[in-house]
Amino acid sequence: MSGFHPQDAPEEDQLLNCMRCGMCLPTCPTFQLTGRERSSPRGRIALMKAVNDGELELESPLFAQEMSDCLGCMACVSACPAGVQYGGLLEAARDQLQRERESKLPWWRKRLESLAFLLFERPPLLKLIGKALMLYQRLGLEQMVRRTGILKRLPAPLGELQEMLGRLPVRFSSQNLPPILAPRGEVKATVGLVLGCVMDVMFAQENEATARVLLHNGCRLVVPPSQGCCGALHAHAGRLEGARVLARQMIDLFESSGVDYVVLNSAGCGNCMKDYAHLLHEDPVYGEKAQAFVGRVKDIHELLELIDYRKPTQRKALSLTYHDACHLAHGQGVRQSPRGLCAALSDDYRELAQADRCCGSAGTYNVTHFETSMELLEGKIDDILATGAQVVGVANPGCLLQIRYGLKRRGSSVAAEHPVVLLDEAYRDEGGVYP
Amino acid sequence: MIEPKEPLMPVASVILDRMRSIVGPSNVLSDPAERLSYSYDATAMMKSTPGAVVIPQSAEQIAQVVTLANESGVPLVTRGSGTGLSGGSVPLQSSIVLSTLRLNRILEIDEENLTATVEPGVITANLHQAVEARGLFYPPDPGSMKVCTLGGNVAENAGGLRGLKYGVTRDYVMGLEVVLPNGQVMWTGGKCPKDVAGYDLRQILVGSEGTLGIFTKILVKLVPKPQSKKTLLAIFPTMESAAATVAAIIAEKIIPATLEFLDQTTVECVEGFAGIGLPTDAGAVLLMESDGHPAQAAEQAETMARLAREQGAREVQVARDESEAVKLASARRMAFPALARMRPTTVLEDVSVPRSRLVRMVTRVGQIAKKHNLMIGTFGHAGDGNLHPTILMDERDPDEVRRMHLAFEEIVETALELGGTLTGEHGVGLLKRDFLEKYFPTTAIDMMRKFRASMDPNGILNPGKMFQPAPRREGELPRSAEHSLSILEGLRS
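Residues numbered from 1 in each chain as written. Chains lettered and ligands numbered in written order. Predicted model: local features only at pLDDT ≥ 70, side-chain atom pairs only at ≥ 80, totals over all residues. Heavy atoms only, no water.

Participant: Where do I start with the overall build of chain A in this structure?
Facilitator: Each helix and strand in chain A was counted, giving 26 helices and 9 strands. Over its C-alpha atoms, taken along the principal directions, chain A stretches across nearly 70 × 55 × 45 Å. Buried residues in chain A amount to 57% of all 435 residues. Within chain A, residue pairs in contact and separated by at least 24 positions form 78% of the contacts whose partners lie at least 6 positions apart. A total accessible area of about 18000 Å² is found for chain A, and carbon and sulfur atoms account for 55% of it. A distance of 6 Å separates the average location of the 48 positive side-chain charges in chain A from that of its 51 negative side-chain charges. (Helix = DSSP H or I, 4+ residues; strand = E, 2+ residues; numbered from the N terminus. Buried < 20%, exposed > 50% of the residue type's maximum accessible area, 1.4 Å probe, protein only. Contact = heavy atoms within 4.5 Å. Areas by Shrake-Rupley, 256 points an atom, 1.4 Å probe, with all protein chains shown as cover. Lys, Arg positive; Asp, Glu negative; His and termini not counted. Charge placed at Lys NZ, Arg CZ, Asp CG, Glu CD.)

Structure representation (structure tokens):
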């Protein structure tokens, strides 16, 4: 008898597909840190299979711990010869644990816990909090709090949160970008732009740069003003039903707009949206819609290559390296196009050692597993500094916050930037009419 | 083949406490979830949960753990990365798993004597990298080299793609420090290429599959790194023409560094998966590599290309640079992944036959597949006659499992009939222990059993592996492999 609930259980076919060959072991950051089999993808799948086969209880504390300790970086997916879709297995296992845990909580605790996720289901709420945070930073309150020394007394991740967050922009990208943007010349493609929830509030600059770069390359942009979250955070935390609600909203949002592509500059969101077909495969109405939808979802680097973007006339006089965001390299298999872009931006591109190794950001992992996250971050910063590059390209909001924080902790002058921001700058530096 | 499923039997807490005092409390794992994650290696359909897991931090600790195990009669199973393909590190009888992963230092690279000394938990590819940085070469390259450990390689006498020209692990082991089953530490071998003093205990330890001792130091031979390499890929209409090419290459007195083949089923799967432009109606594909002095490697490559064309190759591609070489080699590298994706369960075989019988063996595997209505892709080392018939099935289908067992047995028997051996590089372990007596005369089996018993009188190390359970046991005696399976099944229910 399976120890899983029938709904959203890890798929048995996928569990069986694991041949236990172990090719994932050297790529797994947590296995590298602990050396314990259970902290490896092969071990985690074995534990899932044991629960599935009724040999281990879903309530086993070590099972819950392992499912939570996994970064979800999916380096194992890149290494797997049998093509096991580990990401889906992990989300399903987390969903099972979440379900089990919730069933034992009193109603008010359930409410309290889903409150954080409500933020991402209700964009105005998130924006409100974003504004409050921005004011907190700008009105000098942050400095005041810092001076009290209160932060130093909080447990490590909470005290550091403020440092990790960086400075929020005054205006969100959704406030600055109109719903339709037309390029000057011929329209090469109509592109729906996903602003993202966190990206919109914290990375307005990246979103606006994406819009300008696409406009400049002949894309007509559709930017729906009331966009929500893509569901990645829900799925990652094992709240698959919540993720499905958001996925349906996202599909509805772009379905009638007649876009050729739906583009993202956040690796995590892109990975999640490309997975909608799987997420909604049992949905009688949205299953088919999702199939068609995912074909249109592109990461910004992929799309730039697809539309044969114009290379900047002058390369920047700076040395550049590139960090592979897990959900871009392992999740979406996008590795070459961002490197191509980097090479178009700089004469001095330097390949980063272990470029596709997780930086430890991993969604909220740097808050929930502060120490492990920092251990991984230190390794990443060492590798970045070893290249001697002045700028590191990073194409995911979580990694950007994490790596910027890591560089700041070391007092390094190296900058972490989204490659599309660098491209935007390069176009602007050319002078002339832009965008 | 058997699938041991034994009850979860925790080790007595007194013994665990003593283990903890040796290796430290955090290095003894006894939680059921921890133990479950050490119940397998890379062998299909094999699982047996250990009584506990012990992770020593030094050779001294290994010796103490073995001494304790021997005194208290608790069996031990040594485990590196758990990538074995014969069930060698699957712990039977609720044994304690002893992990060597923490002993992972490269202790010395001696450029004057061309040797390296490593601890057993060093990953094979890490040794490759370290010695190649100094222009040296450690040739054994098992498919799992990025994951597997040198300790496991020595225990299983691992092979690889370079076996024909460079030999296997055995040919490179010059010395071993080993913890014997009674806990004593013994050194055997040394840095002298010529050494004929006494019995060569080192060689009986290589390939002993964790039954005679636990290696704590390994001294290996190194060779100079070949200066250059040439890679070619030839596509043939039939397996026969590919085999004729192999024969022609050998007749020309060329020993290629690599000579690998894919059969028709495998070619089809590789193309379906990777889309690298292989014609799916090709009867076979050969990947060939020559290495050495640039002029010699180039000349040999040219000759091999000519011979392939003469034998009727439809197409011969010669790599012009490293990136093209990687592309051509990907056809072979994709073989196993492409096959593995076809069905949920992948049973990997590794019989070996004399090179001249390779075609007959591949043909017979095809017939066996048809007879039992199974999908079997075959690829492997054409140069040394070691092939990997890969049975693709679903372990949830009892009838398919039954047919797989029959096909498996017939493949092994066919190899023996053709003058081959039951395992070329994966080892006997659990997967093929029931066939060992078909390969060796009773005298040899008896001698091996006696040798093992004299080294390990209490049966402490890796019990149940390599040989069928001792016939001295009470109850029914297994008469054949199938019969032993039915006995085991009876025990299970």
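That covers the picture; the talk isn't over yet.
Participant: Where do I start with the nonpolar core in this structure?
Facilitator: Buried together is how nonpolar side chains tend to be arranged in soluble globular proteins. One finds Val191, Leu214, Leu221, Leu304, Val392, Ile403 and Leu423 of chain A to be the most contacted residues of the largest nonpolar core, which totals 73 residues. In contact with Val392 of chain A, other than residues within four places in its own chain, are Thr321, Tyr322, His323, Ile384, Ile403, Leu407, Val414, Ala415, Ala416 and Glu417 of chain A. Counting residues in each nonpolar core, the second largest holds 59 residues, with Ala248, Ala284, Ala369 and Ala407 of chain B among its members. (Core = buried A, V, L, I, M, F, W, Y, C linked by side-chain atoms within 4.5 Å.)

Participant: Got a minute to help me understand the pattern of salt bridges in this structure?
Facilitator: Pairs may arise between side chains of opposite charge once their charged atoms sit close together. Using the criterion set out here, one finds 63 salt bridges over all chains in the structure. With a closest N to O distance of 2.6 Å, Glu66 of chain A and Arg38 of chain A form a salt bridge. In this pair, Glu66 of chain A is assigned in helix H4 (residues 61–69) and Arg38 of chain A in the loop between helix H2 (29–34) and helix H3 (41–52), connecting sequence segments 28 residues apart. Per residue, the accessibility class of Glu66 of chain A equals that of Arg38 of chain A, and both read buried. Note that Glu260 of chain B is salt-bridged to Arg332 of chain B, the shortest N-O span being 2.7 Å. With Glu260 of chain B in strand E13 (residues 258–263) and Arg332 of chain B in helix H11 (residues 322–333), the pair connects residues that are 72 residues apart, well separated along the chain. According to the relative accessible area criterion, Glu260 of chain B is buried, its value standing at 1%. For Arg332 of chain B, a relative accessible area of 11% corresponds to the buried category. (Salt bridge = Lys/Arg side-chain N within 4 Å of Asp/Glu carboxyl O.)

Participant: Would you take a moment to explain the interface of chain B and chain A for this structure?
Facilitator: Often the size quoted for an interface is simply the accessible area lost on bringing the parts together. Taken residue by residue, the interface counts 38 residues in chain B and 30 residues in chain A. For the pair chain B and chain A, the two sides together bury roughly 2600 Å², of which 54% comes from carbon and sulfur. In this structure, the connection of chain B to chain A is made through 5 salt bridges. The partner of Glu55 of chain A in a salt bridge is Lys47 of chain B, with the nearest N and O atoms 2.8 Å apart. (Buried area = accessible area lost by both parts, 1.4 Å probe.)

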